[in-house]
Amino acid sequence: MTEPAEIRIRSARTDDVPRIVALMEPLVVRRILLGKDLVDLYAAVPEFLVATDDADRVIGYGAVHVMWERLGEVRTLGVSEDWLGRGVGHRLLEALELRARELGLAQLFCLTFETAFFGRHGFEEVSENAELVAADVYAELLRSSDEGVAEFLDLARVKPNTLGNTRMLKRL
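Residues take numbers from 1 onward in each chain, read along the sequence in its written order. Under the rules for a predicted model, residues below a pLDDT of 70 receive no local features and side-chain atom pairs below 80 are neither given nor counted, while totals for whole chains, interfaces and linings still include all residues. To get the side-chain values, take all heavy atoms of the structure and skip hydrogens and water.

Would you mind showing me how to read the overall build of the chain here?
Elements are defined by DSSP. Helices are runs of H or I of four residues or more, strands are runs of E of two residues or more, and each kind is numbered from the N terminus. In terms of helices and strands, the chain carries six helices and seven strands. Helices and strands in the chain line up, N terminus first, as β-α-α-β-β-β-α-β-α-β-α-α-β. Only protein chains enter the accessibility calculation, which uses a 1.4 Å probe; a residue whose area is less than 20% of its type maximum is buried, one above 50% is exposed, and one in between is partly exposed. Counting only residues that meet the buried cut, the chain has 48% of its 172 residues in that class. By definition, residues are in contact when any of their heavy atoms lie within 4.5 Å. Long-range contacts, defined here as pairs at least 24 residues apart, represent 70% of the contacts in the chain between residues at least 6 apart. Split by element, the accessible area of the chain, about 9,300 Å² in all, is 50% carbon and sulfur. Reported accessibility uses the Shrake-Rupley method at a 1.4 Å probe radius. Residues are deemed covered only where the shown protein chains occlude them.

If you want it as structure tokens, here you go:
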């Protein structure tokens with residue numbers, strides 16, 4: 001796939017949040033992404049990368065969130081409808097994986113409807129009863145108030161919020 005030269009990937013800034021929200025909105029309405037409160041998005045700015053065009057307009061976004069020592073999650077990955085199919089998601093995911101490696105992560109989790117996209121990038125579906133972490137780590141993760149951790153652990157309390165998404169995992 002040839003990628004347009006005008007796509008740039010950079011760390012998100014606080015002034016990117018309104019555009020991220022605007023790009024997320026149609027996906028939230030279609031129940032592809034869970035909506036996030038502004039306070040949570042601003043707090044997560046250091047986790048986000050954005051894709052921009054030549055004019056530095058945000059055309060895509062994604063975050064990597066550390067869940068445990070060697071485990072992270074790709075969160076809130078999305079691309080402007082005008083830029084779909086032009087390599088933006090691919091470039092963002094590659095950059096998020098690089099950031100994950102730089103953080104020392106060995107596995108990346110995602111919860112997604114886009115199983116074909118993530119599958120092309122080496123993610124595999126997680127079976128319902130998969131033992132993803134050691135028992136002692138599982139016990140520690142249960143203490144987390146983070147909804148993403150609960151989704152990773154497939155806890156019953158988050159099932160109504162997961163919108164029928166598929167849990168996927170990639171070893172880096």
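I would appreciate a short explanation of the pattern of salt bridges in the present structure.
Note on definitions: salt bridges are taken to be side-chain nitrogens of Lys or Arg within 4 Å of carboxyl oxygens of Asp or Glu. In total, this model carries eight salt bridges according to the counting rule given. The salt bridge partner of R10 is D16, with a shortest N-O separation of 2.7 Å. D16 carries the same exposure label as R10, and that label is buried. The closest approach of N and O atoms between R13 and D56, which form a salt bridge, is 3.1 Å. Taken as a pair, R13 in the loop between strand 1 (8-11) and helix 1 (17-29) and D56 in the loop between strand 2 (48-52) and strand 3 (58-68) lie far apart in primary sequence, 43 residues in all. Via salt bridges that share partners, R10, R13, D15, D16 and D56 belong to a single interconnected network.

Any chance you could explain the nonpolar core here in plain terms?
Considering soluble globular proteins, one finds that nonpolar side chains tend to be buried as a cluster. V74, L77, V88, L108, F118 and F123 are the most contacted members of the largest nonpolar core, which has 22 residues in total. Elements supplying a minimum of two residues to this core: strand 2, strand 3, strand 4 (71-79), helix 3 (88-102), strand 5 (107-112) and helix 4 (115-120). Looking at which element gives the most residues to this core, the answer is helix 3, with six residues. Remark: nonpolar core denotes a set of buried residues (Ala, Val, Leu, Ile, Met, Phe, Trp, Tyr, Cys) joined through side-chain atoms within 4.5 Å. Grouped together as the second largest cluster of nonpolar side chains are 15 residues, V17, A44, V45 and V50 included.

How should helix 3 be read in this particular structure?
An α-helix turns once every 3.6 residues. As a result, residues three or four positions apart point the same way. Its 15 residues give helix 3 an end-to-end C-alpha distance of 21 Å, which sits within 8% of 21 Å, the value for a rise of 1.5 Å per residue. When we look at burial in helix 3, the residues that qualify are V88, G89, L92, L93, A95, L96, E97, R99 and A100. Positive phi appears at G104, one or two residues downstream of helix 3, with a value of about 90 degrees. To estimate the expected span of a helix, count its residues, drop one, and scale the result by 1.5 Å.

Can you help me understand the sheet that holds strand 7 (residues 166-171) in this one?
Across a sheet, strands are paired by hydrogen bonds formed along the backbone, either parallel or antiparallel in direction. Here the rule is simple: two strands pair whenever DSSP picks up at least two bridges between them. Ordered by their spatial adjacency, seven strands build an open sheet running 1-2-3-4-5-7-6, and the pairing between neighbours is mixed. Both edges of this open sheet fall to strand 1 and strand 6 (124-125), since each of them pairs with a single strand only. Taken together, the six bridges between strand 5 and strand 7 define a ladder with antiparallel strand orientation. Bridge pairing links F109 to L169 in strand 7. Comment: axis = line fitted to C-alpha atoms, over the contacting stretch for helices; angle = value between 0 and 180 degrees taken between N-to-C directions. On top of the sheet, helix 1 reaches strand 2, strand 3 and strand 4; it is set at about 90 degrees to strand 3, its chief contact. Of the strands in this sheet, strand 1, strand 2, strand 3, strand 4, strand 5 and strand 7 are in contact with helix 3, which crosses strand 3 at around 30 degrees.

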